[in-house]
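Observations on chain architecture
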Amino acid sequence: MKRLRALVRSSPKGVESLDQRQRALLARGALSEDEPEEDAPPRDRKTRILDAAAELFFDLGYDGTSIRDIAGKVGLLPGSVYHYFPSKEELYLAVHRTGITRVEARIKAAIADLDDPWERLRVACEVHVAGIVEGSPVDRITGRNLALVGKHNLLKRITPFRKTYENLFRELIEDLPVAPDTDRSLLRLFLLGGMNWACLWYRRGIRSPEEIADIMLDMVRQGVQSTHHPTQTGTGDA
């Protein structure tokens, strides 16, 4: 793309010096989008590809998204995306792995100085919900269950990463002072499942992600049954 710009500047004919294919690149705005990417460090370019892919996968689904779509979103040619990711499947997996790794690191950092088991779990839940409803596209797609989108082959490959993340919550729940007959495994699955669904029903401005996480955990911890039982009155005819 730099060469195209140089040709336009150096030729008295300007854009007229370009052939039809070169003009098409300029007409669709690829020059302005692609050139900064070519100068960007490889890590920055890879991050932008991951973010664009995550956003499209979230909005359009795996089958509805193509490498060409992803490349166009970041102003690259498809070949540039394939340079980092050999296939759409590998890119999809990389999005999930990256998201899981990021949120796990944030949780560990956030709870590092906390001692109270319930407070540690509360903060972990806040970080989890905040990531999947207001984080980057990569963070948001982390809450999606691959089984629900019918990609069982991809789920099988990403399961080891998800298990590592779930083990973090398993350890936090194991440390909780709960009733002896509590099924800690079901408690973990119930809590994570409830939080992950927030990616579908969350609406900004009603409750913050932290409030949602706190309320969910409080309901799990304290229950929702009222200790006050009002006297029921009949509504039928006397």
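In this report, the structure presented in the accompanying data block is examined. (Residues numbered from 1 in each chain as written. Predicted model: local features only at pLDDT ≥ 70, side-chain atom pairs only at ≥ 80, totals over all residues. Heavy atoms only, no water.)

Quick look at helix α10 (residues 152–174) now. Its maximal kink placed at Ile158, α10 deviates by approximately 50°, while the proline Pro160 follows within four residues. The inward-facing, buried residues of α10 abut α7 (88–111), α8 (117–134) and α11 (184–196). (Bend = angle between axes of the 7 residues up to and from the residue. Helix = DSSP H or I, 4+ residues; strand = E, 2+ residues; numbered from the N terminus. Contact = heavy atoms within 4.5 Å.)

Turning to the packing of aromatic side chains, a few remarks are in order. A full pass over the atoms with the stated rule returns four aromatic pairs. Note on Phe57 and Tyr92: the rings are 4.7 Å apart at their centroids and 90° apart in plane angle, and the pair reads as edge-to-face. One end of the pair, Phe57, is in helix α4 (residues 42–60); the other, Tyr92, is in helix α7, with 35 residues separating them in the sequence. Among the residues examined, Tyr92 registers a relative accessible area of 5% and is labelled buried. Ring geometry for Tyr62 against Tyr92: centres 4.8 Å apart, planes inclined by 70°, an arrangement best described as edge-to-face. (Phe/Tyr/Trp six-rings, centres within 6.5 Å; stacked < 30°, edge-to-face > 60°. Buried < 20%, exposed > 50% of the residue type's maximum accessible area, 1.4 Å probe, protein only.)

Each pair of packed helices can be described by the angle between their axes along with the distance between the axes. Between α8 and helix α13 (residues 209–222), the least distance of the axes is 8 Å, while the angle of their chain directions is 135°. By the angle between their axes, α8 is oblique relative to α13. Where α8 crosses over α13, the handedness of that crossing is right-handed. When α8 is examined against α13, the residues Trp118, Leu121, Arg122, Cys125, Glu126, Val129, Ala130, Val133 and Glu134 are found in contact with a partner set consisting of Pro209, Glu210, Ile212, Ala213, Asp214, Leu217 and Arg221. Of the residues in the contact of α8 with α13, the class split is 10 nonpolar, no polar and six charged. (Axes fitted to C-alpha atoms, helices over the stretch in contact; angles between N-to-C directions. Parallel < 35°, antiparallel > 145°, perpendicular 65-115°, else oblique. Left-handed = near helix turned anticlockwise from the far one by under 90°. Nonpolar A, V, L, I, M, F, W, Y, C, P; charged D, E, K, R; others polar.)

With that out of the way, let us pick up the side chain of Glu104. Structurally, the position occupied by Glu104 is in helix α7. Beyond its immediate stretch of four places on either side in the chain, Glu104 contacts Thr164, Tyr165 and Leu168.

Among the surface-exposed residues, Trp197, Leu200 and Trp201 lie close enough to one another that they form a single nonpolar patch of about 340 Å² accessible area. By the element assignment, Leu200 lies in helix α12 (residues 198–201). Look at Leu200 and you get partly exposed, because its relative accessible area is 44%. (Patch = residues over 30% accessible without salt bridge, like charges linked within 9 Å, V, L, I, M, F, W, Y side chains within 5 Å. Areas by Shrake-Rupley, 256 points an atom, 1.4 Å probe, with all protein chains shown as cover. Salt bridge = Lys/Arg side-chain N within 4 Å of Asp/Glu carboxyl O.)

The subject of this paragraph is the environment of Leu50. Within the secondary structure layout, Leu50 lies in helix α4. On the accessibility criterion, Leu50 (6% relative accessible area) is buried. For the pair Leu50 and Gly99, spaced 49 residues apart in sequence, the C-alpha to C-alpha distance is 9.7 Å. Each residue touching Leu50, except ones within four places of it in the same chain, is listed here: Phe85, Leu91, Ala94, Val95, Thr98 and Val138.

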